[in-house]
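# Commentary on secondary and tertiary structure
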Amino acid sequence: MLAVTVAFAILFCFLVGRFFYVQVVWQGELNYRALDQWTRELPIIAERGKITDRNGVVLADNTSAYTVFARSNAVKNKEETAKTLAQTLSMDESTLYDKLTKKKASEITVAKKISKTEVEALSKLSLEGVYYSRDNVRVYPKRDTLCQVLGFTSGDNLGVSGIEKYYEKSLAGKNGELLYETDLVGIEIEGSVATYLPAEKGYNVELTIDYGIQEIVESALKKVASNSSPVSAECIVLDVNNFEILAMANYPSYDLNDIPRDDIDALNRLSRNTIVCDVYEPGSTFKIITSAANIEEHLQGNPKAFSTKYVFSSSRTRSVDGTTVKCWSNHANGKHANQTLAEALNNSCNPCFTDMALALGTDVFYEYLSAFGFGKKTGIDYGGEAYGLMMPQKAVRACDLARIGFGQTIAVSGLQLACATASAINGGYYYKPHLVKRIYADDGYETLNVGATLQNRTVSEETSKILAKMLEGVVTQGSGKKAGVEGYNIGGKTGTAQKFEDGHIAQGKYVSSFVGFFPVENPKYLTLVIVDEPQGAYYGSVVAAPCAGEIFQGIISLKNIKPNNGEG
């Protein structure tokens, strides 16, 4: 009797537990299944969150369109319905008739992205079994502005690339439904009441981008493209105090409202954000990093590092491991003779930077390269960022180290170089770069607010001040003169790098660049311009520096910055 009693007690507890699970725990899912069995749903597409610049300028928005559905079982006169739909929506009648007579699907999509005028005309006809729902279609008011950064959405309004993809979960929102009671074959029950489940709008995304500066940058790139007919050109403007990206542009661009979806090769090429995702040999702009490492080591008491007053050999060449490093100048008539570090930067003399790299040694130099973020991602909030290319430290020979010193035998992204340079002149602070400033709802509630994130220190503030002053000399006295703006203290460095293809130098192909900043005493704005394969003149001093100068002048006018003063 005890055993039987215990058995019944266990069975009773099991049944009670099962009833509790079904009635309470499983209740939500079962209710949903029941609802799904005796209702038909029309989707209510959630409005995608807006994307704006830091000042509220709308860069990605929504407009209304409509999708038309039909339930075959509820359409009594399929031939007449197909004819009416075809006339109203300018579609093929036979195709519509085939869809309505198919037995495989109880509900079909007649047409997508139908205008409000067409839907209003359709609703007046009161066709049985025909319904419509409102969609939200992505539009870009500024057309091709920031096209590679913003990215675009699919036909289903899902982020495919750029910010649209990276912040998809925040932007997308949650779709709703309009539910109709139907019979077993999907015909709406007369007198039934529709159930409305509202959609939840996505969060808005505010970028660090300043649309005013972005316009200046894109205008300058179009001008350099017109003058030099390059394969491509790119630019980034960075706030050196927190690594907020104020502008980012690539040329050529495309209209985000007219995406070339039918030409995949063209779409992949035009939508690629090359300044983040591709790498190149930086050439002489990299001498900023070599100089920073040398100055810092000298200040730290490393006897191998050269002082700012050290006079380099006036020889035009250096021989390293049987490889000859030459200066671009022939050193005739005493040119580049007895140069200090500042003069070596002004003259962009390769042998001097070979001396510095070799004196520092592979181990020390590679520590600085790592600190400056080369060979690894910066961590920007954007997909597909490049790591860059660096030789394994153990494999570096003296001739390799010599070339790294002046920006060869190393490949970097434009973003990496911009961040490294910013750190070299802002006091040695390397922050995490970012494109998004905050994510928020229409009522102001914030889900994310991004501040400055310090990654590491690279050099001391003293080194930064010395280096910034030297780079000012490059603009006032050296190869960067065309980047100067009268009355403003601007520093920077030009670069002209030969391109390599299939392991060999590509004759006649160069990458021209300039990286600069202002004001020198208290740096705020940093600009990097990269021009790939300019035709005709190809030196960075002739092609990229004037473009950067135009951008500096534009920022000065936009922000009303007074001469020799970093405050607007």
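Everything here concerns the structure above.
Residues numbered from 1 in each chain as written. Predicted model: local features only at pLDDT ≥ 70, side-chain atom pairs only at ≥ 80, totals over all residues. Heavy atoms only, no water.

### Digging into the environment of Gly49
Note the following rule: The helix and strand labels rest on DSSP assignments: H or I over at least four residues marks a helix, E over at least two residues marks a strand, and numbering proceeds from the N terminus. A contact between two residues is defined here by any heavy atoms of the two lying within 4.5 Å.
Position of Gly49 relative to the elements: it lies in the loop between strand S1 (39-44) and strand S2 (51-52). Note: C-alpha distance between Gly49 and Ala172 (123 residues apart in sequence) is 6.7 Å. Sequence-distant contacts of Gly49, that is, excluding residues within four places in its chain, are made with Arg138, Leu171, Lys201, Gly202, Tyr203 and Asn204.

### With respect to the pattern of salt bridges
Our working definition: When a carboxyl oxygen of Asp or Glu lies within 4 Å of a side-chain nitrogen of Lys or Arg, that pair is called a salt bridge. The rule is simple: take the accessible area with a 1.4 Å probe, protein chains only, and divide by the maximum for that residue type; under 20% is buried, over 50% is exposed, in between is partly exposed.
With the rule as written, the count across this model stands at 21 salt bridges. Put simply, Asp442 and Lys201 hold a salt bridge, and the shortest N to O gap is 2.8 Å. Here Asp442, found in the loop between strand S16 (436-440) and strand S17 (446-449), pairs with Lys201, found in the loop between strand S7 (195-197) and strand S8 (204-207); they are 241 residues apart in sequence, far enough to count as distant. Linking Lys469 and Glu472 is a salt bridge whose minimum nitrogen-to-oxygen distance equals 3.0 Å. With Lys469 and Glu472 both in helix H18 (residues 461-476), this residue pair falls three residues apart, about one helical turn. Take Glu472: its relative accessible area is 11%, and that puts it in the buried class. One salt-bridge network, held together by shared partners, links Arg48, Arg138, Glu164 and Glu168.

### Comments concerning a nonpolar patch on the surface
For clarity, the cut-off: Patches here: salt-bridge-free residues with over 30% relative accessible area, like charges joined within 9 Å, nonpolar side chains (Val, Leu, Ile, Met, Phe, Trp, Tyr) joined within 5 Å. What sets the accessible areas is the Shrake-Rupley method with a 1.4 Å probe; for residues, cover comes only from the shown protein chains.
Nonpolar side chains collect at one region of the surface, where Val4, Phe8, Leu11, Phe14, Leu15 and Phe19 lie side by side and expose about 640 Å² of accessible area between them. Secondary-structure assignment places Phe14 in helix H1 (residues 2-25). Taking the relative accessible area as the measure of exposure, Phe14 reaches 56% and is therefore exposed.

### Let's talk about unusual backbone geometry
Note that the residue after Tyr251, namely Pro252, is joined by a cis bond; omega there is 5 degrees. Looking at the element boundaries, Pro252 is found in the loop between strand S10 (245-251) and helix H10 (264-271). One non-glycine residue, Lys113, adopts positive backbone phi at about 55 degrees. Note that Lys113 resides in strand S4 (residues 107-114). Taking the relative accessible area as the measure of exposure, Lys113 reaches 52% and is therefore exposed. Here the phi dihedral of Asn560 falls at roughly 55 degrees; this positive angle occurs in a residue that is not glycine. Mapping Asn560 onto the fold places it in the segment after helix H19 (544-559).

### Focus on the packing of aromatic side chains
Where we set the bar: Aromatic pairs are defined between Phe, Tyr and Trp rings, using the six-membered ring for Trp, whenever the two ring centres lie within 6.5 Å; interplanar angles under 30 degrees are classed as stacked, those over 60 as edge-to-face, and all others as tilted.
Under the definition given, this model contains twelve aromatic pairs. Judged by centre distance (4.4 Å) and plane angle (25 degrees), the ring pair of Phe306 and Tyr310 falls under stacked. Using a relative accessible area of 14% as the deciding quantity, one classes Phe306 as buried. Owing to a relative accessible area of 35%, Tyr310 belongs among the partly exposed residues under this scheme. Counting every residue linked through ring pairs, the aromatic cluster contains Phe243, Tyr429, Tyr430 and Tyr431.

### Observations regarding the side chain of Asp210
In this fold, Asp210 is placed in the loop between S8 and helix H9 (211-228). Its relative accessible area of 5% is what places Asp210 among the buried residues. Contact partners of Asp210, with chain neighbours within four places excluded, come to Asp53, Arg54, Asn55, Leu246, Leu558 and Lys559.

### Description of the pairing of strand S20 (residues 504-518)
Worth spelling out the cut-off: Two strands qualify as a pair provided DSSP detects at least 2 bridges between them.
Here strand S19 (residues 491-501) pairs with S20 via ten bridges, running antiparallel. Within S20, the position partnered with Gln498 by the bridge is Tyr510. From the end of S20 to the start of strand S21 (residues 525-532), which pair antiparallel, there are six residues.

### A few points about the sheet that holds S21
Quick note on the threshold: To define axes, lines are fitted to C-alpha atoms, for helices over the stretch in contact only, and angles between the resulting N-to-C directions are given on a 0 to 180 degree scale.
The strand order across the open sheet built from five strands is S10-S9-S21-S20-S19, with neighbouring strands paired in antiparallel fashion. Looking at which strands have only one partner, the edges of the open sheet turn out to be S10 and S19. With strand direction ignored, the average angle separating the axes of adjacent strands in the sheet is 10 degrees. Alignment of strand S9 (residues 232-239) against S21, held across eight bridges, turns out to be antiparallel. Following the sheet pairing, Val237 is matched in S21 by Thr527. Of the strands in this sheet, S9, S10 and S21 touch H9, which is tilted by about 25 degrees from S10.

### Concerning the environment of Val22
With respect to the element layout, Val22 can be found in helix H1. A relative accessible area of 25% means that Val22 is categorised as partly exposed. Residues Val22 and Arg134, 112 residues apart in the sequence, show an inter-C-alpha distance of 37 Å.

### Regarding the pairing of S21
Burial analysis of S21 places eight of its eight residues in the buried class, which makes it a mostly covered element. Here S21 shows two buried faces, one formed by Tyr525, Thr527, Val529 and Val531 and the other by Leu526, Leu528, Ile530 and Asp532. By the bridge criterion, eight bridges tie S20 to S21 in an arrangement that is antiparallel. What sits directly across from Phe514, in S21, is Val529.

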